[in-house]
Amino acid sequence: MSYERMKKREAELHAEVDRWLAAAEVADAQEDKFYGQKRGDEMPDWVADKQRRLEKIREAKAELEAEAKAAAAEETRRREEAEKKRIAERRKKNGKTPAPPKQHPEGKTQRNFTDPESRVLSMQKPRSSWRTA
């Protein structure tokens, strides 16, 4: 690149960078007007405040316990119906009596605070249709 061309290209690039910086300043001013001085990565209020976080945890815990009780009640109802049907059909009772359903959630049961409707999906590798010898 010749010296003359370097000077010309330097001026072009300098003007382009100045346009970018001016556009960034305008965008920054608009965002400040719209969002205030927040950066956007601030923690939600309920995380920063320990008391509110404790309330959130207690709510989630109560929801998990309610779900476990409802599941246990449904399982008990299902077992009672199956027992009535067995008696009506005069069939013998097979095997051991199952343990009563648990009224409390398992220790590893989880709750997502930001999106309670989300669930962990189990991903299984598809089986290969061909086998190697």
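This section reports on the structure supplied with the text.

Procedures and definitions
Residues numbered from 1 in each chain as written. Predicted model: local features only at pLDDT ≥ 70, side-chain atom pairs only at ≥ 80, totals over all residues. Heavy atoms only, no water. Helix = DSSP H or I, 4+ residues; strand = E, 2+ residues; numbered from the N terminus. Rg over C-alpha atoms; globule rule 2.2 N^0.38 Å. Buried < 20%, exposed > 50% of the residue type's maximum accessible area, 1.4 Å probe, protein only. Contact = heavy atoms within 4.5 Å. Salt bridge = Lys/Arg side-chain N within 4 Å of Asp/Glu carboxyl O. Expected span 1.5 Å × (residues − 1). 1 Å grid on protein atoms, 1.4 Å probe; cavity = no way out; pocket = protein on both sides within 12 Å on 5 of 7 lines; lining within 4 Å. Points joined across faces, edges and corners; volume = space filled by probe spheres on them. Nonpolar A, V, L, I, M, F, W, Y, C, P; charged D, E, K, R; others polar.

**Considering the overall build of the chain**
For step 1, the next point in the chain: Secondary structure assignment for the chain yields 3 helices and 0 strands.
For step 2, the next point in the chain: For the chain, the sequential pattern of α-helices and β-strands runs α-α-α.
For step 3, the next point in the chain: Taken against the 2.2 N^0.38 rule, which gives 14 Å for 133 residues, the C-alpha radius of gyration of the chain at 32 Å runs more than 25% over that of a compact globule.
For step 4, the next point in the chain: If you line up the chain on its principal axes, its C-alpha atoms span 105 × 60 × 25 Å.
For step 5, the next point in the chain: The buried share of the chain, reckoned over its 133 residues, is 5%.
For step 6, the next point in the chain: A sequence separation of at least 24 residues applies to 62% of the contacts in the chain between residues at least 6 apart.

**Details of the environment of Val17**
For step 1, the next point in the chain: Along the chain, the position of Val17 falls in helix H1 (residues 3-35).
For step 2, the next point in the chain: C-alpha of Val17 to C-alpha of Lys38: the two residues are 21 residues apart in sequence and 26 Å apart in space.

**A closer look at the pattern of salt bridges**
For step 1, the next point in the chain: Inspection of the entire model under this criterion finds 11 salt bridges.
For step 2, the next point in the chain: Taking the shortest distance from any N to any O, the salt bridge between Glu63 and Arg111 comes out at 3.4 Å. One end of the pair, Glu63, is in helix H3 (residues 50-88); the other, Arg111, is in the segment after H3, and 48 residues separate them in sequence.
For step 3, the next point in the chain: According to the relative accessible area criterion, Glu63 is partly exposed, its value standing at 37%.
For step 4, the next point in the chain: Judged by relative accessible area, which is 17%, Arg111 ranks as buried.
For step 5, the next point in the chain: Connected through shared salt-bridge partners, Glu63, Glu67 and Arg111 make up one network.

**Observations regarding H3**
For step 1, the next point in the chain: When the terminal C-alpha atoms of H3 are compared, their 57 Å separation across 39 residues agrees well with the 57 Å that a helix rising 1.5 Å per residue should span.
For step 2, the next point in the chain: Every buried residue belonging to H3 is among Ala60, Leu64, Ala68, Ala72 and Arg86, and all of these are buried.

**Here we look at H1**
For step 1, the next point in the chain: In a regular helix each residue adds 1.5 Å, so 33 residues correspond to 48 Å; H1 covers 47 Å between its end C-alpha atoms and thus fits that length.
For step 2, the next point in the chain: Following H1 by one or two positions, Gly36 has its phi on the positive side, about 80 degrees.

**Remarks on the layout of surface pockets**
Regions of empty space are outlined by a rolling probe, equal in size to a water molecule, passed over the atoms.
For step 1, the next point in the chain: In this structure, the largest pocket encloses a volume near 380 Å³.
For step 2, the next point in the chain: Taken together, 16 residues line the largest pocket, and the ones lying closest to its centre are Arg79, Ala82, Glu83, Lys93 and Pro98.
For step 3, the next point in the chain: Of the residues in the lining of the largest pocket, the class split is 4 nonpolar, 3 polar and 9 charged.
For step 4, the next point in the chain: Approximately 200 Å³ is the volume found for the second largest pocket.
For step 5, the next point in the chain: What lines the second largest pocket is Leu64, Glu67, Thr109, Gln110, Arg111, Asn112, Pro116, Ser118, Arg119 and Val120.

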